[in-house]
Each structure stands twice: as C-alpha cells, then as structure tokens.
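The primary structure of each chain is shown beneath.
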Amino acid sequence: MSNPASPPRSLAEALRARDDAALAVLLRARPDLVTPVPTDLTQLATRAGTRASVVRALERLDRFALQTAEALAVAADPAPYAELLALMAGDEGDPVVAAAVPSALGTLREQALVWGDDERLRLVRTARELLAPSPQHPSPTGLGPTVAEATAGMSPGRIQEIVASAGLASTHDSVSAVEALTALFRDRVRMAALLAELPEESREVLSRLVWGPPYGQVTAEPAAHLRRLLDRGLLLPTAPGTVVLPREVALHLRGGRAHRAAEPVPPAVEAAGTHRPQVVDAAAAGQAYTALATVEELLKDWDEGGPAVLRAGGLSVRDLKRTAVALDVAEPVAAFWVELAYAAGLLASDGEADERYAATPAYDEWLEQPPARRWARLAEAWLTATRTPGVVGGRDAKERTLSALGPGLDRSAAPEVRHRVLTLLAGLPEGFSPSAGSVLARLRWERPLRGPQQDDDLRGRLARWTLSEAELLGVTGRGALSAHGRALLGAVAPKPAQEGSGRDAEPAARERSARAAEPAGPGDKLPVHHAPGSRTSAPHRSGGGPSYGFGGTAVVPEPLSAGEQAAACAAAARLLAPLLPEPLEHVLLQADLTAVAPGPLRRPLADVLDVLGDVESKGGATVYRFTPASVRRALDAGRSASDLQSFLAAHSRTPVPQPLAYLIDDVARRHGHLRVGAASAYVRCDDDAQLSEILADKRAAGLGLRRLAPTVLAAQADPGTLLEGLRAMGFAPAAESAEGDVLIARAHAHRTPPRTAPEPVPEGPPVPDATLLSAAIRAVRAGDLAATAPRRPSAAPVAGGELPRTSSAETLATMQAAVLTGEALWIGYVNAEGAASQRVIAPVRVEGGFVTAYDHTADEVRTYPLHRVTGVAELADDQL
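Not measured: the values here are computed from a predicted model.

## Here's the deal with the overall build of the chain
Link 1 in the chain: When you go through the chain residue by residue, the secondary structure sums to 34 helices and 25 strands.
Link 2 in the chain: With 880 residues in all, the chain has 49% of them scored as buried.
Link 3 in the chain: Taking all contacts inside the chain whose residues are at least 6 apart in sequence as the whole, residues at least 24 apart take part in 67%.
Link 4 in the chain: Carbon together with sulfur atoms contributes 54% to the accessible area of the chain, which is approximately 39,500 Å² in total.

## Overview of the pattern of salt bridges
Link 1 in the chain: Scanning all chains against the criterion turns up 33 salt bridges.
Link 2 in the chain: The closest approach of N and O atoms between Glu 446 and Arg 442, which form a salt bridge, is 3.3 Å. Of this pair, Glu 446 and Arg 442 both sit in helix H22 (residues 436-446), 4 residues apart, which is roughly one turn of that helix.
Link 3 in the chain: The buried category is assigned to Glu 446, whose relative accessible area is 0%.
Link 4 in the chain: One salt bridge connects Glu 616 with Arg 625, and the closest N-O pair in it is separated by 2.9 Å.
Link 5 in the chain: Residue Arg 625 is classed as partly exposed on the basis of its relative accessible area, which comes to 25%.

## Focus on the confidence of the model for the chain
Link 1 in the chain: Residue-level pLDDT values for the chain average 82, and 85% of them are 70 or greater.
Link 2 in the chain: With pLDDT under 50 throughout, residues 451-455 is counted as low confidence; its partners more than four residues away or in other chains account for 4 contacts.
Link 3 in the chain: In this model, residues 794-800 is a region of pLDDT below 50 whose contacts with residues beyond four sequence positions or in other chains number 3 contacts.

## Let's talk about the sheet that holds strand S3 (residues 215-217)
Link 1 in the chain: An order of S3-S5-S4 is seen for the 3 strands of this open sheet, with the pairing classed as antiparallel. If you trace the sheet from one side to the other, it starts and ends with S3 and strand S4 (236-239), each paired once. Pairwise comparison of adjacent strand axes, ignoring direction, gives a mean angle of 40° for this sheet.
Link 2 in the chain: Bridge count between S4 and strand S5 (residues 242-244): 3 bridges; the pairing is antiparallel. Residue pairing for S5: Pro 237 is matched across the bridge by Val 243.

## A few points about the packing of helix H10 (residues 156-165) against helix H11 (residues 174-186)
Link 1 in the chain: Running from N to C, H10 and H11 cross one another at 30°; their axes reach a closest spacing of 10 Å. The angle between H10 and H11 falls in the class roughly parallel. Relative to H11, H10 is oriented so that their crossing is left-handed. Across the interface between the two elements, Pro 156, Ile 159, Gln 160, Ile 162 and Val 163 of H10 pack against Ser 174, Ala 177, Val 178 and Leu 181 of H11.
Link 2 in the chain: Considering only residue class, the contact of H10 with H11 consists of 7 nonpolar, 2 polar and no charged.

## A few points about the pairing of strand S18 (residues 706-709)
Link 1 in the chain: Inspection of the sheet shows S18 paired to strand S19 (residues 712-715) by 3 bridges, in the antiparallel sense. Bridging from a neighbouring strand, Ala 709 pairs with Val 712 of S19.
Link 2 in the chain: Once S18 ends, the chain turns through 2 residues before running back antiparallel as S19.

## Re unusual backbone geometry
Link 1 in the chain: With omega at 0°, the peptide bond leading from Asp 77 into Pro 78 counts as cis.
Link 2 in the chain: Secondary-structure assignment places Pro 78 in the loop between helix H5 (63-73) and helix H6 (81-89).
Link 3 in the chain: Residue Pro 213 is bonded to the preceding Gly 212 through a cis peptide linkage, with omega at -5°.
Link 4 in the chain: Inspection of the secondary structure puts Pro 213 in the loop between helix H13 (200-209) and S3.
Link 5 in the chain: Residues other than glycine seldom take positive phi values, yet Glu 399 does so here, at roughly 60°.

## A short note on the sheet that holds strand S15 (residues 622-625)
Link 1 in the chain: Ordered in space as S12-S13-S15-S14, the 4 strands form an open sheet in which the pairing is antiparallel. If you trace the sheet from one side to the other, it starts and ends with strand S12 (588-590) and strand S14 (614-617), each paired once. The mean angle between the axes of side-by-side strands here comes to 30°, regardless of whether they run parallel or antiparallel.
Link 2 in the chain: Both S12 and strand S13 (residues 594-597) contribute to a ladder of 3 bridges, which runs antiparallel. Considered in S13, the bridge of Leu 589 is made with Ala 595.

## Looking at empty space enclosed by the protein
Link 1 in the chain: For the structure on display, the rule yields 7 cavities of 30 Å³ or more.
Link 2 in the chain: By volume, the second largest cavity is sized at about 70 Å³.
Link 3 in the chain: Phe 336, Glu 339, Leu 340, Ala 343, Trp 382, Ala 385, Arg 387, Pro 389, Arg 418 and Glu 469 together form the lining of the second largest cavity.
Link 4 in the chain: In terms of residue count, the dominant contributor to the lining of the second largest cavity is helix H18 (residues 331-343) (4 residues).
Link 5 in the chain: Residues of the lining of the second largest cavity, tallied by class, amount to 6 nonpolar, no polar and 4 charged.

## Focus: the packing of aromatic side chains
Think of a pair of aromatic rings as described by two things: how far the centres are apart, and how the planes are tilted against each other in angle.
Link 1 in the chain: Under the counting rule described, the total for this entry stands at 4 aromatic pairs.
Link 2 in the chain: Just above the ring of Trp 366 sits the side chain of Arg 374; from NZ or CZ to the centre is 5.3 Å.

## Some words on H22
Link 1 in the chain: Residues Ser 438, Val 439, Leu 440, Arg 442, Leu 443, Trp 445 and Glu 446 constitute the buried set of H22.
Link 2 in the chain: Packing partners of the buried residues in H22 comprise H5, helix H21 (414-426), strand S9 (432-434) and helix H23 (458-473).

## Points about a negative patch on the surface
Link 1 in the chain: Residues Asp 686, Asp 687, Asp 688 and Glu 693 make up a contiguous surface patch of negative charge.
Link 2 in the chain: Along the polypeptide, Glu 693 turns up in helix H31 (residues 688-696).

## Here's the deal with H5
Link 1 in the chain: With 10 of 11 residues buried, H5 lies mostly within the body of the structure.
Link 2 in the chain: Every buried residue of H5 is accounted for by Phe 64, Ala 65, Leu 66, Gln 67, Thr 68, Ala 69, Glu 70, Ala 71, Leu 72 and Ala 73.
Link 3 in the chain: Two or three places before Phe 64, at the start of H5, stands the capping residue Asp 62, its side-chain oxygen 3.1 Å from that residue's backbone nitrogen.

## Points about the nonpolar core
Link 1 in the chain: Ranked by size, the top nonpolar core spans 88 residues in total, and within it Phe 185, Leu 234 and Leu 235 carry the most contacts.
Link 2 in the chain: If one sorts the elements of this core by residue count, H5 sits on top with 7 residues.
Link 3 in the chain: Leave out the neighbours within four places in its chain, and Phe 185 touches Val 147, Met 191, Leu 194, Arg 232, Gly 233, Leu 234, Glu 248, Val 249 and His 252.
Link 4 in the chain: One finds Ala 288, Tyr 357, Val 417 and Val 475 within the second-largest nonpolar core, a separate group that totals 71 residues.

## Description of the pairing of S13
Link 1 in the chain: Where burial is concerned, the two faces of S13 agree: the one with Thr 594 and Val 596 and the one with Ala 595 and Ala 597 are both buried.
Link 2 in the chain: Two successive antiparallel strands, S12 and S13, enclose a turn made up of 3 residues, where Leu 593 displays a positive phi of approximately 65°.

## Topic: the packing of helix H19 (residues 361-368) against helix H20 (residues 371-384)
Link 1 in the chain: Contact geometry for H19 and H20: axes closest at 8 Å, N-to-C directions at 135°. Judged by the inter-axis angle, H19 sits oblique to H20. In this structure, H19 contributes Ala 362, Trp 366 and Leu 367 to the contact, and H20 contributes Arg 374, Arg 377 and Leu 378.
Link 2 in the chain: Within the contact of H19 with H20, the residues separate by chemical class into 4 nonpolar, no polar and 2 charged.

Rules of the game
- Residues numbered from 1 in each chain as written.
- Predicted model: local features only at pLDDT ≥ 70, side-chain atom pairs only at ≥ 80, totals over all residues.
- Heavy atoms only, no water.
- Helix = DSSP H or I, 4+ residues; strand = E, 2+ residues; numbered from the N terminus.
- Buried < 20%, exposed > 50% of the residue type's maximum accessible area, 1.4 Å probe, protein only.
- Contact = heavy atoms within 4.5 Å.
- Areas by Shrake-Rupley, 256 points an atom, 1.4 Å probe, with all protein chains shown as cover.
- Salt bridge = Lys/Arg side-chain N within 4 Å of Asp/Glu carboxyl O.
- pLDDT = per-residue confidence, 0-100.
- Pairing = 2+ DSSP bridges.
- Axes fitted to C-alpha atoms, helices over the stretch in contact; angles between N-to-C directions.
- Parallel < 35°, antiparallel > 145°, perpendicular 65-115°, else oblique.
- Left-handed = near helix turned anticlockwise from the far one by under 90°.
- Nonpolar A, V, L, I, M, F, W, Y, C, P; charged D, E, K, R; others polar.
- 1 Å grid on protein atoms, 1.4 Å probe; cavity = no way out; pocket = protein on both sides within 12 Å on 5 of 7 lines; lining within 4 Å.
- Points joined across faces, edges and corners; volume = space filled by probe spheres on them.
- Phe/Tyr/Trp six-rings, centres within 6.5 Å; stacked < 30°, edge-to-face > 60°.
- Lys NZ or Arg CZ within 6 Å of the ring centre and 35° of its normal.
- Patch = residues over 30% accessible without salt bridge, like charges linked within 9 Å, V, L, I, M, F, W, Y side chains within 5 Å.
- Lys, Arg positive; Asp, Glu negative; His and termini not counted.
- Charge placed at Lys NZ, Arg CZ, Asp CG, Glu CD.
- Polar contact = N/O pair within 3.5 Å; in protein donor to acceptor, adjacent residues only side chain to side chain.
- Core = buried A, V, L, I, M, F, W, Y, C linked by side-chain atoms within 4.5 Å.

Shown next as structure tokens:
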C-alpha cells in the first residue's frame, strides 16, 4: 500500500488510498465487511468500525498483534511510531520485539484496525474503547488511567498541593498543573530522583501495583508511607478508600514497557516422542481398520432399527450406554463413533411416527466401496464437521443435558481447530509426535483468550479432542501424523509453506494462496487473515522464526474445488490401501465348536458367520462360537444343514470338526418338528408324545397350553412369545404361515429414506473467493466514485448524501446533451423496490422514455426508465 501525499484524515480516506489488492486483503481478513457489499468506501469504513466487527477482528489477532493494539490503546491518540515502539520494546529497546513491531503494525493496518502514517497512528475508536483501561474493564496491560484522567474530578487546590509536594512550581490553573505533573512523571531522570527520596515501604507499595491491577484500598487515615505517595501524586484517589497508580508512574517503574512480557515469537511445538515413519503409518492404518470395523458394527447393531429418538432429539443416556457396551468402548468414545457416522451421512432418524435411528441408503453404498475409500469418507466428514461429540453429557445455556445426535452440539470453531492442530503436526518432522501442552500453548498464542465468554477455553478442549479423535480414526499413529493423514489434509485446505522445517510438501497450495492474494490484478501480495472455511496460515514474520498466526499474517487460499477435494481423498486412500490388511476368505474351524478368523473377512463369509456363530472375542483374530441357538438362527434364516456343512467346508483351512457337524445335524433334525401358528397361537406336531412332554413341563405353565387334538396344542400367548418359550425349554420350533408353510426368519434391514449429511455451521460469513472479491471491489470503487465525484456548481446545490433533484424537462435535456458531448452525469435513481441510489453514467441513447448508458457504478451498460431518475447533475471536468 502506498502512502498518499498528505496524511489521511479519516479511516475512509485511508481506505480510499489503498489499491485493489490491499482492499482484497482487508475483505478476506474480515469477510463480514463484504456481507452485504458496501455501497462505497465510506460505508465500508463505517462498517469496519462497528463494535461487532471490531470484536471479531480483535479475537482473530495473534498474541503479539493484540499486544501491539493494546499498547496503542494506552498511547496518545494519535501516537507516533516512536511512542508505540517504546511501549513495546521498553527503554532498553529489546531488539527482537523492535524487529517484530512493524509486522504486527502492518497486520493492524491491513485489517483496518489502525490507520494513519507513522507520525499519527490512530487505533479505530471502537477498538480503543474495548482495549483502553477503565475501572469496569481493566486493560490486559495492567495499566491504569493517566494523570489527566485520574485528576479530572479533583479540586484545583488539591492539584496545586500535589504539584508543590512533588517539587514543582505552582501554576495559575489546573490544566497547566496537570501537564507539569505529567511531564515530571515522564522524565526518567527527575522521576528517578523523586522515587529515591521515598522510604522502602512506599516503594514496596508501588511495586505491588506496577504490573496491575493498578487499584488499591486505603483507610481514611493512611499510614505515613502511603501519605507520601498520595501527597506527591504517585497514587491518586479515584473513589473514597480507593487509589490508583497513574499510567505514567507505572510506565516509569516498568522501564517504559506496556506489557510485562511481549511475545513476538510463538511458542514452539515440542516433540514428545519419535518413531520411525513406517511404524507411525502402520499404527495409523491399524486404527483406521478398527475405525471401519467399529462403524460397521455400530450400524449392523442398528440394522433392524436402532434406538428411539428422544422427544427433544438425540439418544437417551441409556441407549448411549447400551451402544458403548455393544462396541466395547467407553461412553465418550461411543458418542464419537455415533456422531461420526451421522456426520458422514451413514446414520439418521427414519422420520416415522415411532421415530428411530437407522442406517441410511448411503450406508449400503459405502459398504460396497474399498476399505481405504470408506476410511477417507469418514475422515473427511470428521475434518469438516462442526458437531462436537466431546460436549456430550455437558449442559447447554438452559442447563439441559446435551445428548449424542441431539441439538446443541455444533461448535463452529471445531473444523478450524482440527485443521490447525493437524497443520501443526504436519510441521514436525515425520514420525515426531507433539506434546499436548505445547500444542495448546501455540493455539493460545495464535488466538489469545479474551473476555469471560471464553474462560472455559473451548479452543483448548477442541484441540485435546482433536488429538484423541485423530488417533481413534487413524489420521495419526502413536501421536504423529501419518502419510495418509498428510494427504487427506489437502482435502479441506492446503498446508502452509513451512520455513525452517526443511520440508516443502505443498507447492500447489502455495501457488493457490499466491493467486488468492491478488484477485484484482498484479500488485502487492499482502498477507491476509483467515476466517472459517478453507484456510491456511503463513509465517508471521516477527523477528523470531516462523509462526502461524490465526489473526496475524495468514494467507487464505481459494476454496478447493470439488475435483481437488476428490483428488486429495483419492491420494489419501491410495496411501492407506497397501497398509490395510487384505480381507480373507477362510477361517480355522476347531474341535471346541469355535472358528478363528485370522484377519478381516470378505463380506459373504463375514455375513454368514455373524448369523451362524456368536462373536466370542475380537482383536488381531476374531473368534466365533457355535451354539445350538446360533445354528438355529442360521436355519431360521433359510439355510439347510447341508448348506451350512458345505459352506463351512469350502471356507475352512481345516476339516469340519465332528462335534460341529453333529451340532448342526442335531439342531437341524429337531428344527421345524414343532410348528407354531396363529390361533391366538397353536403348536402342532406329528409326534403326540412330544406334545405330551411339553404339557408336562412346568416351564410351559406360563404359555397357557391345552390340547385340542392329539397333534395340536392351543396357547394363550402370541406366536412370538410361544416360539421363545419353547426354545427356552430346549425345543427347536419353527413358525409357519396361515397356509402351513415354514416362515423363513430372515432379518429385514431397516433403512431411512434418503438423507443428506448434516451441514456444518459456519463461524461467521464465509471467506469470499476471488471472483466475489473482484466484483465487490469494483462495485465499491464505482459507488465511491459516484459519492465523491465533484459536481459542477449549480444554482441549487445538493446537500451531502441527498439525491440530485431536477425537473423532468431539465433531466431529459441534460441527458440528450450528454449523448452528444459524451460527458458523464451524476444521477439519483429509485428502483422498483423503492431503494434510492446514486450513480455515475455516460448516456449513449435517449428514446421512448428510457436512457441507455454505461453505468460506471455497475461497470456495465444498462437501461433506466427516465421517470425513476430523481435528478441529474454534471460532473466537474476531468473526473472520469
């Protein structure tokens, strides 16, 4: 950005002096300023100074940029650069801090938080109000009010007494007395002599207040050492019993520094452990396989209809516990898997009257994909989801419990924090796992906590959840980012170029970032602050090495296209695929009625074993146990004994053990010998002796059985209860239809109607892309031209901000004359909705009650009805 010949008198003038590239930097850094597009630069400056926009911008500054803004808030208004540098670097002039101040100041200027040249730096008024010290809102610097502010309500006589006690000559008015006292406190030599006269007890009091808070309590009759301070104005009363340390005195005691410790260099992310990259990738691949198996097991458990949906939405605590038991994980982990399946669009509510959760049709499509592609879909959904399972079990603002799959789980900062944490991991050498403490410290530097609403450190909790969830999902292995995790990171946003890391993993990402920084053509490639959505960070050059500042100097690339996202996911899947275990088509049958699957099984074999056996243990190998109940389950599903025997023989590396063959034949021989139908219910059997055995069994008392015929028993219980009761007694009955045919009890998969995955909740307006930025800047420039272009003097001057007013005849005549001369005109126009605007047009043709003209405001040729033109005025010469 080039400085104008004369210093700007307002923020609007400062913005007017920027080129298009610099305006693009501002709008990318603060996307709320472009929603909706401002009409001109004056409106843009007004919007940039509103409280909501300034608060958002301040919250996105890194710690050193925020410290610089805080220093400007306690400096004079306007302040020269030398004063700001002294407040940041101190009297001794810390060289590291001094070298970093220009970059931080540049960030504040780029984001329109500071304007003016180096001799007259001005913090935006709203930012000064937010950051300046006050009794209600203490400054983070710990400084109090100035001498002038603290003595504003003091009597002139008392001020003269303080001046005399400080050894200064009395003055004729309070203003000059306060100025003399202020000059004394700012004079390092005279101030040192004044403090040297004080006893040790008085200096001890000052030392306790010097770094804040600057307020203290005194009694009505203060001790002698306190009286000395009060008499010399080193402590000033602000209220009965309350005194304050003036800002000038505190700065002298601090050596001129506004902060106890300026932090120009971000804390380094430290490695907690080191592993070979091959070990990291293998561990991550193992976790990725476990993630796929867990999601499949979850949705298989809910295949015929999952838990009911609470009236307020979500899973009940009891259902979450049951899910955790079924998955053999802790409840918070179960909540993570449930929410992940929901975010990926594999799980939803069915929308029925008796609403329940179930798999979606997309789940069946997902199952048909290769394992690596299935994992990439889960990981991509996790990276972009704003729903945060970590808050499940907590309380919302109305003290209601937050439930899994329920409302209130969205945290808009979650995708940004996840991506930021993974980017920090990508900055470490391969195989290095970071310490959680150093990651949290880095995030706190990049986004310092401000205000009571952030006291719970949500970003810190999100970061800790990210580290654990990335390990569960297989993005990381043993705490280090895996190779497929690095590839997947490009599916959401490109990784930054890392200085000092010795690596350069994303040249294409940097090219996109460079292109995005100059949407309006060549010019300054100014770094921009990023906002939610696709983003990346660039080094914050603050004199101490590379840093990634969320609110400082960060380069925001254009959002990735669908093709780029698909390519990144495909790349991650390609890297992961060779590391996943190959599905097997065989098991090992054992004589103890078990089958051992030494690895993952292909789907047909796995589906049959899930029905024919019960899973006894999991791990590197899965053990299935065959029981009479499990074999009967397979027979109920329509399998015959010979089918089961042949299937097992074809898929076993060992012969079918005799005990297993006997078990299948024995259950099959008795299966369907009894028939249960609907009467209420009945039992029929060709063997009347077996029916007599049932009637004689005491366990059948609850079924209400009685004999209707030698081969038929009637029951008061329904067919389902009768089936379960007889099976509990050791029989193997089969259900039959009204026609007497055996009913095959195949499980019917319950699916929801087609559902889309939940949309992430954005954190504020999205970052505008290059096309929108170019159009917005062109519109703002044109609107500013229309608002500020000089008009020729007229008999009836137009007041500022009002539309020109001329008669219809005068408007028509001026338009026709402009067509002949080719001059541009300034018009007022009211559209069909009644919205008024000012425009600069160059008329081309006037006929039929319409004027066709080149509209400089819209940068295109348009046609306007003359009856909607309120008036017209000629522009001064040489303005277009």
